[in-house]
Amino acid sequence: MTFTVIQFALALLVGIAVSAAVFFFLGISYRKKIAEKEISSAEEEARRILNEAIKSSESKKREALLEAKEEILRSRSEYEKEEKSRRADLQKQERRLQQKEENLDRKTENIERKEEALLHKHEEADRTREEIDQIKNSQAEMLEKISGLTVEDAKKYLISQVESQVTHEAAVKIKEIEARARDEADQRAKEIVTIAIQRCAADHVSDITVSVVPLPNDEMKGRIIGREGRNIRAIETLTGVDLIIDDTPEAITVSCFEPVRREIARVALEKLIADGRIHPTHIEEMVEKARREVEAIIKSEGERAVLETGVRGLHPEVQRMLGRLHYRTSYGQNVLQHSIEVSHIAGMMAAELGLDVHAAKRAGLLHDVGKALDHEHTGSTHIELGVEFCRKYKEKEDILNAIQAHHGDVECKTLMACLVQAADAVSAARPGARRENLENYIKRLEKLEEITGTYPGVEKSYAIQAGREVRVMVRPEQVNEDQMVILARDLANRIENELEYPGQIKVHVIRETKVVEYAK
């Protein structure tokens, strides 16, 4: 039974397997048929789509061809229009070029005709010039015969006439310029200088440093000389001065170019004479004491000058050098007092002009500081020494230029330098400010007459008014009125360049014509 069941099971399995196989093959055939149907339907659909695509592409192709043909037609029409316009422009340009060529041809013809006419005119001008030269030569010969002058003589005559006219015009122009300059500048300058002088209340000190020591009696001369001259040698050695003991009653002369040493010797002699004890040891003590006293006076005078002018910030050595000017004189004028006065005047003029008053006062006070050194340093002027000394103590360049330019040796670079120059002249030229010895005075007058008497046409010259005016007499037949103006200016310029004098000198040129006739 078991076997039957197994067989039945096997049979059932085989039946199932056969059934499955039949169903499988039936399913496959069925799916195949369905797939074939789907494939056929897909192919038909594909053919349909392809046909539609071909139809649409052909229609689009036809449309594109139509559009391309239309674009070609439009481009061709535009090109044809553009070509027509270009052709029209070319035709216009050709016509213009033809017109220009025709105009150029006509102008060329005109130029050729004008050139021919110019050639004819040149020929005619050459012939006319030759005729004119002939006529000119004949007229010149005729004029020479009539006038009795050659061509060179006539030229000289014309040149002399032109020179006289030019001289006259130059003289007139000089007068006009001088008058205009005086009208514009003199009034303002006088106002400024007058105000400065009026406001400056400085007194003039014209005393020269004392060089004569009075003695109580003539016996004192022997005591000062000493046994075998030992006392006088000691004084001269210690002070560096020369003692002149001559026949002058009750007086000894102290001679020295350096004023400070001369003052020390004078003070020491006065102390020795007052004390009565005169021997080398005591002389040395008195000289040292006199030196200390003079140095103290120098220091106090320098401080006084600084305080009086209000100038601040000066180096102590500069103040001491200013104090040494207390013993220095120029034409009898005390140089320290002169420097103080110049400082005041320059400051006042600077205030009137709106400039730096402090700088102007400083430059005015220091302008003659070199005179305190000129006895110790030979070969240099007081201006060079003053500039070098002030530069050593760091003074500014405008101050140095004012010191350099106050005598006109160099050009004034600032207006302050001009003010110091003017203040120096004002202080020196004021009445009573300076004096000079008779010998220098006479030499200056002689030199003034010599300078003014050497010019051609000058008959005689006279220096008058203490040398402040010179009168020049000219010959009327040699110097006319126009030449007088030029002569006066030349004389003034030469006097300024060759003479040294205080103030100013008036040049007065006089021309006088006299006609004398007698009635018989």
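As the structure is a computational prediction, the values presented were derived from the model and not from experiment.

Draft legend 1. Here's a closer look at the side chain of Thr 239. Looking at where Thr 239 falls in the secondary structure, it is placed in helix H4 (residues 230-239). A distance of 2.5 Å separates a polar atom in the side chain of Thr 239 from the backbone oxygen of Ile 235. If sequence neighbours within four positions are ignored, Thr 239 has contacts with Arg 261, Ala 265 and Val 287.

Draft legend 2. View of the sheet that holds strand S3 (residues 251-255). Here we have three strands laid out as an open sheet, ordered S1-S3-S2, and antiparallel in their pairing. The strands lining the two open edges of the sheet, one partner per strand, are strand S1 (212-214) and strand S2 (242-244). The mean angle between the axes of side-by-side strands here comes to 30 degrees, regardless of whether they run parallel or antiparallel. Bridge analysis of S1 against S3 gives three bridges, and the strand direction is antiparallel. In the sheet register, Val 213 faces S3, and the bridge partner there is Ile 252. Against the sheet, helix H5 (residues 259-275) contacts S1, S2 and S3, and its axis sits at roughly 10 degrees relative to S1.

Draft legend 3. Here's a closer look at the packing of helix H8 (residues 335-353) against helix H9 (residues 357-366). The contact between H8 and H9 brings their axes to 7 Å, and the two run at 155 degrees. Considering their axes alone, H8 and H9 lie roughly antiparallel with respect to each other. For the pair H8 and H9, the crossing hand works out as right-handed. Where H8 abuts H9, its residues Ser 339, Ile 340, Val 342, Ser 343, Ala 346, Gly 347, Ala 350 and Ala 351 lie against Val 357, Ala 360, Lys 361, Gly 364 and Leu 365. Its residues assigned to classes, the contact of H8 with H9 shows eight nonpolar, four polar and one charged.

Draft legend 4. Summary view of the nonpolar core. In terms of nonpolar packing, the biggest core is built from 40 residues, with Leu 314, Leu 322, Leu 365, Leu 366, Phe 389 and Cys 390 touching the most fellow members. No other element matches the eight residues that H8 contributes to this core. Those residues in contact with Leu 314 that sit more than four places away from it in its chain are Val 306, Gln 319, Leu 322, Arg 362, Leu 365, Leu 366 and Glu 395. Residues Val 213, Met 220, Ile 252 and Met 286 belong to the second largest nonpolar core, which totals 28 residues.

Draft legend 5. Representation of helix H14 (residues 481-498) within the structure. Between its first and last C-alpha, H14 extends 26 Å over 18 residues, near the 26 Å set by a 1.5 Å rise per residue. With a side-chain oxygen lying 2.7 Å from the backbone nitrogen of Gln 483, the N-terminal cap of H14 falls on Asn 480.

Draft legend 6. Up close: helix H10 (residues 382-392). When we look at burial in H10, the residues that qualify are His 382, Ile 383, Leu 385, Gly 386, Val 387, Phe 389 and Cys 390. Tucked into the core, H10 has its buried residues touching helix H7 (316-324), H9 and helix H11 (397-405). Phi turns positive one or two residues past the end of H10, at Lys 394, with a value near 65 degrees.

Draft legend 7. Representation of the confidence of the model for the protein. Counting all residues, the mean pLDDT for the protein is 81, and 87% of those residues have values of 70 or more. Counted against residues more than four places away or in other chains, residues 201-210, with its pLDDT under 50, gives 30 contacts.

Draft legend 8. Structural detail: the sheet that holds strand S8 (residues 506-511). The strand order across the open sheet built from three strands is S6-S7-S8, with neighbouring strands paired in mixed fashion. The sheet terminates laterally at strand S6 (458-464) and S8, the two strands that pair on one side only. Each strand of the sheet is rotated relative to its neighbour by a mean of 20 degrees, with strand direction disregarded. Pairing of S6 with strand S7 (residues 469-474) involves six bridges; the strand directions are antiparallel. Pairing of Ile 464 across the sheet is with Glu 469, part of S7. Each of S6, S7 and S8 touches H14; the most contacted strand, S8, lies at about 150 degrees to it.

Draft legend 9. Representation of the state of the cysteines within the structure. Summed over the entire model, instances satisfying the criterion amount to zero disulfides. For Cys 412, which is in no disulfide, the shortest distance to another cysteine sulfur is to Cys 418 and amounts to 3.9 Å. Taking the relative accessible area as the measure of exposure, Cys 412 reaches 21% and is therefore partly exposed.

Draft legend 10. Geometry of the pattern of salt bridges. Applying the stated criterion to the full structure yields 20 salt bridges. Across the pair Arg 362 and Glu 395 runs a salt bridge, and its minimum N-O distance is 2.9 Å. Residue Arg 362 is located in helix H9, and its partner Glu 395 is located in the loop between H10 and H11; the two are separated by 33 residues in the primary sequence. The exposure class of Glu 395 is buried, given its relative accessible area of 10%. Here Glu 498 and Arg 494 are joined by a salt bridge, their closest N and O atoms 2.9 Å apart. Taken as a pair, Glu 498 and Arg 494 lie in helix H14 at a separation of four residues, close to a single helical turn. One network of salt bridges, in which partners are shared, links Glu 45, Arg 48 and Glu 52.

About the criteria used
Residues numbered from 1 in each chain as written. Predicted model: local features only at pLDDT ≥ 70, side-chain atom pairs only at ≥ 80, totals over all residues. Heavy atoms only, no water. Helix = DSSP H or I, 4+ residues; strand = E, 2+ residues; numbered from the N terminus. Polar contact = N/O pair within 3.5 Å; in protein donor to acceptor, adjacent residues only side chain to side chain. Contact = heavy atoms within 4.5 Å. Pairing = 2+ DSSP bridges. Axes fitted to C-alpha atoms, helices over the stretch in contact; angles between N-to-C directions. Parallel < 35°, antiparallel > 145°, perpendicular 65-115°, else oblique. Left-handed = near helix turned anticlockwise from the far one by under 90°. Nonpolar A, V, L, I, M, F, W, Y, C, P; charged D, E, K, R; others polar. Core = buried A, V, L, I, M, F, W, Y, C linked by side-chain atoms within 4.5 Å. Buried < 20%, exposed > 50% of the residue type's maximum accessible area, 1.4 Å probe, protein only. Expected span 1.5 Å × (residues − 1). pLDDT = per-residue confidence, 0-100. Disulfide = S-S within 2.5 Å. Salt bridge = Lys/Arg side-chain N within 4 Å of Asp/Glu carboxyl O.

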